[in-house]
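Listed below, chain by chain, are the residues.
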Amino acid sequence: MMRQKSIEILRANDKGGYTVPTSSGLYPAQWNWDSCLVAMGFAQFDEGRAWQEIETLFSGQWPDGMVPHIIFHGDDSSYFPNSSVWRGGPSKRSSGITQPPVAATVVRYLAERFGFEHTLAHLQTLVPKLLDWHRWFYRARDPEGSGFVAVIHPWESGMDNSPIWDASLAVVPPGPSVAKLRKDTTFADVAVRPTSAEYDRYINLVMMYRNENYDEGRLYDIAPFRVCDVGFNSILLRANRDLRFLLESMGDEQGVLEVDSMIARSCDALERAWDENDAHFYSFDSISRRYIPKPGIAGLLPLYADPEVSRRHPEIIARIKKWLGDVKYGVPSFEPGRPEFESKRYWRGPVWLVVNWMLMTGLRENGYEELARRVRKDSLDVVEKSGFHEYFDPLTGEGLGGTDFSWTAAMVLLLSASE
Ligand code: DGY
């Protein structure tokens, strides 16, 4: 039943070569990490469509290697800020920032699932593009060579309104109010979305970057928001390892060496982010030069990056167990019981299946099969209870945000297949 419904949702949200996150009008375009994760859902029943999703995304790659967080293909009038606001890239039909780089991980997944020989033509097209994108991260977003790659907009982290960004975003000038221009709240309850104060700053950042023509050489220096997100960097580290695997299997020794150096830099940076006293991985504000002591789900993602991390830091497992003990459905996106925790507001507490999939994978690879099973079960149970929502209240299981959501459907297909 759930499998059939998932397939129906992906088919319904398929706009011809790319999938919208939901057909409701809330997100009428192609989102970067949504699309990549959705491709793993397509892979469960339609291989060709899975590859197409990724290839359509990379058709929007910029000449400098950046892959934008949104590619606008069709009518985007129900979204703000749409293509007429962003005007990014050579086509002026994309945003001007990026999103968590899950693509290499997904391409490896597809290659292993369908076989290297069979998928070689896709790999020959995609792997050089992936390498260009990964080079861009270390060049454009880590010019200081710290190994900790920065995001310059909360949207780049994918976890838009996580409490982790509160202080770093508060110092960004709000610019003119965009309360009247916002369209998200016509599709989803205002109480479960980012606040107006956050939205004004999100848009002001877009305006500042657009004024610089999204120039890679300028943005890092002028960005008033610049954070080395431990979640983003964990996703990048895993993607580096997967990219290395792909390059090696294609015999590209030079590429392997290059990615080895990215891996070494990222491993060092993540290790520095471990806070011994609080037993958590923390993000770093690269403007105030301080770590941000807020226990969000991003700080658990080193599990997904590194199968050895729980050996070095077993306290991270105790932390997950504690969080799971405090909620009905795991995994909450922020630590329950903290003053900033809000069980219904987007990334301030709700459960997101895509992150659950990452944690389940990481727990399994770190040898915690039972905990991985709990995460898998909660993910499937919450959809069974409330439907294919964008995210869920961890205390009640209530479905929140958009409905018939593509990445939720994709994760149900993937999790059902991974008993
Ligand atoms: C939104 O509009 O809420 C998106 O998360 C931005 O990418």
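Please refer to the structure higher up on the page.
Please read these numbers as outputs of a predicted model, since none were measured by experiment.

S.K.: What should I look at first to understand the overall build of the protein chain in this one?
M.R.: For the protein chain, the helix and strand inventory stands at 19 helices and nine strands. Against the globule reference of 22 Å for 419 residues, the protein chain gives a C-alpha radius of gyration of 20 Å, in line with a compact fold. Overall, the protein chain is about 50 × 45 × 45 Å in size when its C-alpha atoms are taken along their principal axes. Looking at the protein chain as a whole, 62% of its 419 residues are labelled buried. For the protein chain, long-range pairs separated by at least 24 residues make up 70% of all intrachain contacts whose partners lie at least 6 apart in sequence. Carbon and sulfur atoms make up 51% of the accessible area of the protein chain, which amounts to about 14,900 Å² in all. Considering the protein chain, the positive charge centre built from 46 side chains and the negative charge centre built from 57 side chains are found 3 Å apart.

S.K.: Would you take a moment to explain the sheet that holds strand β6 (residues 283-285) for this structure?
M.R.: By definition, the strands of a sheet pair up through backbone hydrogen bonds, in either a parallel or an antiparallel sense. Reading across the sheet, the three strands line up as β3-β6-β7 and stay open at both edges, with antiparallel pairing between neighbours. Of all strands in the sheet, those bounded by a partner on one side alone are β3 (227-228) and β7 (290-292).

S.K.: Could you clarify how one ought to interpret the pattern of salt bridges in this entry?
M.R.: Think of it this way: side chains of opposite charge can pair up when their charged atoms draw near. Summed over the entire model, instances satisfying the criterion amount to 37 salt bridges. One salt bridge connects Arg141 with Glu156, and the closest N-O pair in it is separated by 2.7 Å. Residue Arg141 is located in the loop between α6 (116-140) and α7 (154-157), and its partner Glu156 is located in helix α7; the two are separated by 15 residues in the primary sequence. For Arg141, a relative accessible area of 4% corresponds to the buried category. Taking the relative accessible area as the measure of exposure, Glu156 reaches 0% and is therefore buried. Across the pair Asp184 and Arg182 runs a salt bridge, and its minimum N-O distance is 2.8 Å. Take Asp184 and Arg182: they sit in the same class, and that class is buried. Residues joined in a network through salt bridges with shared partners are Arg108, Glu112, Arg238, Asp242 and Glu365.

S.K.: When you look at empty space enclosed by the protein in this model, what are you seeing that I'm missing?
M.R.: Any empty space left between atoms is shown by rolling a water-sized probe over those atoms. Within this structure, the stated rule accounts for three cavities of 30 Å³ or more. Looking at the largest cavity, its volume works out to about 230 Å³. In this structure, the largest cavity is lined by 19 residues; those nearest its centre are Tyr27, Trp31, Gln99, Asp160 and Tyr346. Of the residues belonging to the lining of the largest cavity, the class tally is 12 nonpolar, three polar and four charged. As a volume, the second largest cavity reaches approximately 70 Å³. Lining the second largest cavity we find Trp62, Asp64, Met66, Gly96, Trp136, Ala140, Arg141, Tyr214, Glu216, Leu219 and Tyr220. Within the residue set of the lining of the second largest cavity, elements represented by two or more residues are α6 and α11 (216-222). With three residues, the single largest contributor to the lining of the second largest cavity is α11.

S.K.: Honestly, the site of the ligand in this entry has me stumped. Any pointers?
M.R.: Neighbouring the ligand are the residues Tyr27, Trp31, His69, Tyr79, Trp155, Asp160, Arg193, Tyr199 and Tyr346. Within the contact set of the ligand, an oxygen atom lies 2.7 Å away from a side-chain nitrogen or oxygen of His69. Along the lines of polarity and charge, the residues of the shell around the ligand split into six nonpolar, one polar and two charged.

S.K.: How should the side chain of Arg201 be read in this particular structure?
M.R.: Locating Arg201 in the fold gives a position in helix α10 (residues 196-211). For the buried residue Arg201, which engages in no salt bridge, the nearest side chain bearing the opposite charge is Asp200, 6.1 Å off.

S.K.: How should I be thinking about the packing of helix α17 (residues 353-365) against helix α19 (residues 406-417) in this particular structure?
M.R.: When two helices pack together, their arrangement is given by the angle between the helix axes and the distance between those axes. Packing of α17 against α19 brings their axes to within 9 Å, and their N-to-C directions diverge by 30 degrees. For the element pair α17 / α19, the angle class is roughly parallel. When α17 is examined against α19, the residues Leu353, Val354, Trp357 and Met360 are found in contact with a partner set consisting of Trp407, Thr408, Met411, Val412, Leu414 and Leu415. Here the residues of the contact of α17 with α19 sort into nine nonpolar, one polar and no charged.

So, how was this worked out
- Residues numbered from 1 in each chain as written.
- Predicted model: local features only at pLDDT ≥ 70, side-chain atom pairs only at ≥ 80, totals over all residues.
- Heavy atoms only, no water.
- Helix = DSSP H or I, 4+ residues; strand = E, 2+ residues; numbered from the N terminus.
- Rg over C-alpha atoms; globule rule 2.2 N^0.38 Å.
- Buried < 20%, exposed > 50% of the residue type's maximum accessible area, 1.4 Å probe, protein only.
- Contact = heavy atoms within 4.5 Å.
- Areas by Shrake-Rupley, 256 points an atom, 1.4 Å probe, with all protein chains shown as cover.
- Lys, Arg positive; Asp, Glu negative; His and termini not counted.
- Charge placed at Lys NZ, Arg CZ, Asp CG, Glu CD.
- Pairing = 2+ DSSP bridges.
- Salt bridge = Lys/Arg side-chain N within 4 Å of Asp/Glu carboxyl O.
- 1 Å grid on protein atoms, 1.4 Å probe; cavity = no way out; pocket = protein on both sides within 12 Å on 5 of 7 lines; lining within 4 Å.
- Points joined across faces, edges and corners; volume = space filled by probe spheres on them.
- Nonpolar A, V, L, I, M, F, W, Y, C, P; charged D, E, K, R; others polar.
- Near = heavy atom within 4 Å.
- Polar contact = N/O pair within 3.5 Å; in protein donor to acceptor, adjacent residues only side chain to side chain.
- Axes fitted to C-alpha atoms, helices over the stretch in contact; angles between N-to-C directions.
- Parallel < 35°, antiparallel > 145°, perpendicular 65-115°, else oblique.

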